[in-house]
Amino acid sequence: MVPTFGMLLTSLLLVLALWWVKEMLGSWRSDFEEWCDPQTEWIPRLCLIGLWLVTLVIAFVAISFIIYTVVMAMAGLWSLL
């Protein structure tokens, strides 16, 4: 199979998604402390909630893509037998 621009773009998006999730998981404690701080205004709290919701969506899509890729590779290997 010849690599295409779509494959390159998908791979790049997967790498960026995994990087995003790694960075967000690394900052969850400070985000939680900021969110629980009574002196924090509502706008930063809403931004934190929004960032974590986006992170959940990105993680779900990345994990789904990885599982789909593994299942398709296993099906391809199974068909060779």
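In this report, the structure presented in the accompanying data block is examined. Note that the coordinates shown come from a computational prediction; the quantities given were computed from them, not determined experimentally. (Residues numbered from 1 in each chain as written. Predicted model: local features only at pLDDT ≥ 70, side-chain atom pairs only at ≥ 80, totals over all residues. Heavy atoms only, no water.)

Each helix and strand in the chain was counted, giving three helices and zero strands. Its C-alpha atoms give the chain a radius of gyration of 18 Å, clearly above 12 Å, the size a compact globule of 81 residues would have. Considered along the principal axes of its C-alpha atoms, the chain spans approximately 60 × 25 × 15 Å. Burial analysis of the chain (81 residues in total) assigns 15% to the buried set. Long-range contacts, defined here as pairs at least 24 residues apart, represent 61% of the contacts in the chain between residues at least 6 apart. (Helix = DSSP H or I, 4+ residues; strand = E, 2+ residues; numbered from the N terminus. Rg over C-alpha atoms; globule rule 2.2 N^0.38 Å. Buried < 20%, exposed > 50% of the residue type's maximum accessible area, 1.4 Å probe, protein only. Contact = heavy atoms within 4.5 Å.)

End to end, helix α3 (residues 42-80) covers 57 Å across 39 residues, agreeing with the expected 57 Å (1.5 Å per residue, within 8%). Those residues of α3 not exposed but buried are Arg45, Leu48, Thr55, Ala59 and Ala62. Lining the buried residues of α3 we find α1 (5-26) and α2 (28-36). (Expected span 1.5 Å × (residues − 1).)

By the definition in use, this model includes one salt bridge. A salt bridge links Lys22 to Glu23; the shortest N-O distance between them is 3.1 Å. Residue Glu23 is classed as partly exposed on the basis of its relative accessible area, which comes to 38%. (Salt bridge = Lys/Arg side-chain N within 4 Å of Asp/Glu carboxyl O.)

Distances and angles like these do not, on their own, reveal function.
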